Amino acid sequence: MPTDVNQQKLNIYLVGPRGFCAGVDRAILMVEEALKKYGKPVYVRHEIVHNKYVVQNLKLKGAIFIDDLQDIKNKDRPVIFSAHGVPKSIPAEAKNIQLQFYDATCPLVSKIHREVENYEKQQLPIILIGHHNHPEVIGTMGQIKSPIHLIENEQDVAKLTISNNQKIACVTQTTLSLDDTKSIIHAIKKKYPHVLEPKRNDICYATTNRQKAVKKIAANCDLFIVIGAYNSSNSLRLVEVAKQYGANNSILIESIDKFDISLIDDVQNIGVTASASAPEILVKKFIQFMKENFTIIVYEPKYVKEDINFKIPQKLKVPG
């Protein structure tokens, strides 16, 4: 490391699109609007989205995060379900104990829920490509009474005991890697010729767009930084994609406070993106830190801005 760190020149490539997707925007807005409408506190079951900065900010505004509906001390207060989706047993429990609740499940996740219900009506065995114990997967598997076969990789496909001649259906977790999913689907189609494949847009538009953007510049970066959360599927997938496409030194950080500055040694080109659940403020703080410690040039290639917007429930809207 140079004695005067400002003498080290760095090129920083800001990837776009990055940061919040429409589903995350909607979920956060639902909590904020509930606080305006009902006052403090408003309960939120699980992290509304996987990001500590977002969760802490909402806590400061009056949100109380819980893991179980039984943890709600004041049953007169509203509760909001996270953007990842919940099993049907959760709204049923909320009704049973007479809670007022709002469901912030991302509409793209809700679409997968409807697909699963439809396949059950057709009496088809269902395969779900996803990560064990991820909240979205738990929510999807809890939509129907019939068993759903969860697979994480091609090896899991080989272990499936469903008859090869049977017609089956397949759905995916929305935040997966496009490349990894493609290889798993190929393995499923090879074993099950009568499979109904996942719809092309089952993996969410934001996940797709962010991964494509990373792919374009990864090979040109000595270091690739994804700003997100360690329990965030879409954050982890971005790190994997950057590595797969040439940025061998690819890391995930939650904030600039967690950044190891020694990683900049012998680095000239840095790629930076933020996952779909990470706010732009964390990117700005990272860039500001770099400006204060190095001589930097920031490049932000042109990209198509996302214009998707998901509306919040009418009952939550505060007039004015």
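Residues numbered from 1 in each chain as written. Predicted model: local features only at pLDDT ≥ 70, side-chain atom pairs only at ≥ 80, totals over all residues. Heavy atoms only, no water.

Look at helix α1 (residues 22–38) against helix α2 (residues 52–61): their axes get within 11 Å of each other, and the N-to-C directions meet at 10 degrees. In terms of orientation, α1 lies roughly parallel with respect to α2. The residues of α2 that touch α1, namely those facing Ile 28, Val 31, Glu 32 and Leu 35, are Val 54, Leu 58 and Lys 61. Looking at side-chain class alone, the contact of α1 with α2 contains 5 nonpolar, no polar and 2 charged residues. (Axes fitted to C-alpha atoms, helices over the stretch in contact; angles between N-to-C directions. Helix = DSSP H or I, 4+ residues; strand = E, 2+ residues; numbered from the N terminus. Parallel < 35°, antiparallel > 145°, perpendicular 65-115°, else oblique. Contact = heavy atoms within 4.5 Å. Nonpolar A, V, L, I, M, F, W, Y, C, P; charged D, E, K, R; others polar.)

Now for the sheet that holds strand β13 (residues 295–299). Read from one edge of the open sheet, 5 strands run β11-β10-β12-β1-β13, paired in parallel fashion. With one partner strand each, in any of the chains shown, β11 (250–253) and β13 form the two edges of the open sheet. The average undirected angle you get between the axes of adjacent strands in this sheet is 25 degrees. Bridge count between strand β10 (residues 223–227) and strand β12 (residues 269–274): 5 bridges; the pairing is parallel. In the strand pairing of β12, Ile 225 is matched with Val 272. Against the sheet, helix α8 (residues 205–217) touches β1 (9–14), β10 and β12, its axis set at about 180 degrees to β12. Helix α10 (residues 280–293) contacts β1, β10, β11, β12 and β13 of the sheet and is inclined by roughly 170 degrees relative to β1. (Pairing = 2+ DSSP bridges.)

Moving on: the pattern of salt bridges. Summed over the entire model, instances satisfying the criterion amount to 14 salt bridges. A salt bridge links Asp 202 to Lys 111; its shortest N-O distance comes to 2.9 Å. Remark: Lys 111 occurs in helix α4 (residues 107–121) and Asp 202 occurs in the loop between β9 (195–196) and α8; sequence separation between them is 91 residues. Ionic contacts of the salt-bridge type, sharing partners, join the residues Arg 18, Glu 280 and Glu 300 into one network. (Salt bridge = Lys/Arg side-chain N within 4 Å of Asp/Glu carboxyl O.)

Buried within α2 we find Val 54, Val 55 and Leu 58. The buried side chains of α2 occupy one side of the element, clustering within an arc of 95 degrees when seen end-on. Residues of α2 that are exposed and angled more than 90 degrees away from the buried face: Lys 52 and Leu 60. Turning to α2, the residues buried within the fold contact α1 and β3 (63–66). Following α2 by one or two positions, Gly 62 adopts a phi angle in the positive range, close to 125 degrees. (Buried < 20%, exposed > 50% of the residue type's maximum accessible area, 1.4 Å probe, protein only. Arc of directions from axis to C-beta.)

In this section: unusual backbone geometry. Negative phi values dominate among residues other than glycine, just as trans dominates among peptide bonds. That bond from Gly 16 to Pro 17 is cis: its omega, 0 degrees, falls within 30 degrees of zero. Relative to the assigned elements, Pro 17 resides in the loop between β1 and α1. With an omega of -10 degrees, the peptide bond between Lys 40 and Pro 41 qualifies as cis. One non-glycine residue, His 46, adopts positive backbone phi at about 65 degrees. Along the chain, the position of His 46 falls in the loop between β2 (42–45) and α2. Classification of His 46 as partly exposed rests on a relative accessible area of 28%.

So, on to the sheet that holds strand β5 (residues 101–103). Pairing in this open sheet of 4 strands is parallel, and the strands run β3-β2-β4-β5 from one edge to the other. Each edge of the sheet is formed by a strand with only one pairing partner; in this case those strands are β3 and β5. Within this sheet the neighbouring strands show an average axis-to-axis angle of 25 degrees, counted without direction. For strand β4 (residues 79–81) and β5, the ladder comprises 3 bridges, and the chain directions are parallel. Directly across from Val 79, in β5, lies its bridge partner Phe 101. Contacting β2, β3, β4 and β5, α1 runs over the sheet at an angle of about 160 degrees to β5.

Taken as a whole and assessed by the stated rule, the structure comprises 5 aromatic pairs. Both rings, one in Phe 259 and one in Phe 286, keep their centres 5.4 Å apart while their planes meet at 80 degrees; by these two values the pair is edge-to-face. With Phe 259 in the loop between β11 and β12 and Phe 286 in helix α10, this residue pair connects regions lying 27 residues apart in the sequence. Given a relative accessible area of 10%, Phe 259 falls into the buried group. When the centroid spacing of 6.4 Å and the interplanar angle of 85 degrees are considered together, the rings of Phe 259 and Phe 289 count as edge-to-face. Here the residue Phe 259 occupies a position in the loop between β11 and β12, and Phe 289 occupies one in helix α10, the gap between them amounting to 30 residues. On the basis of relative accessibility, which here comes to 21%, the residue Phe 289 falls in the partly exposed class. A cation sits over an aromatic face here: Lys 37 above Tyr 38, 5.8 Å from the ring centre. (Phe/Tyr/Trp six-rings, centres within 6.5 Å; stacked < 30°, edge-to-face > 60°. Lys NZ or Arg CZ within 6 Å of the ring centre and 35° of its normal.)

This paragraph deals with the packing of α8 against helix α9 (residues 233–244). Orientation of α8 relative to α9, taken along the N-to-C sense of each, is 25 degrees, at an axis distance of 9 Å. Our classification of the angle between α8 and α9 gives roughly parallel. Of the two possible hands of crossing, α8 and α9 adopt the one that is right-handed. Where α8 abuts α9, its residues Thr 207, Arg 210, Gln 211, Val 214 and Lys 215 lie against Asn 234, Arg 237, Leu 238, Val 241 and Ala 242. The class makeup of the residues in the contact of α8 with α9 is 4 nonpolar, 3 polar and 3 charged. (Left-handed = near helix turned anticlockwise from the far one by under 90°.)

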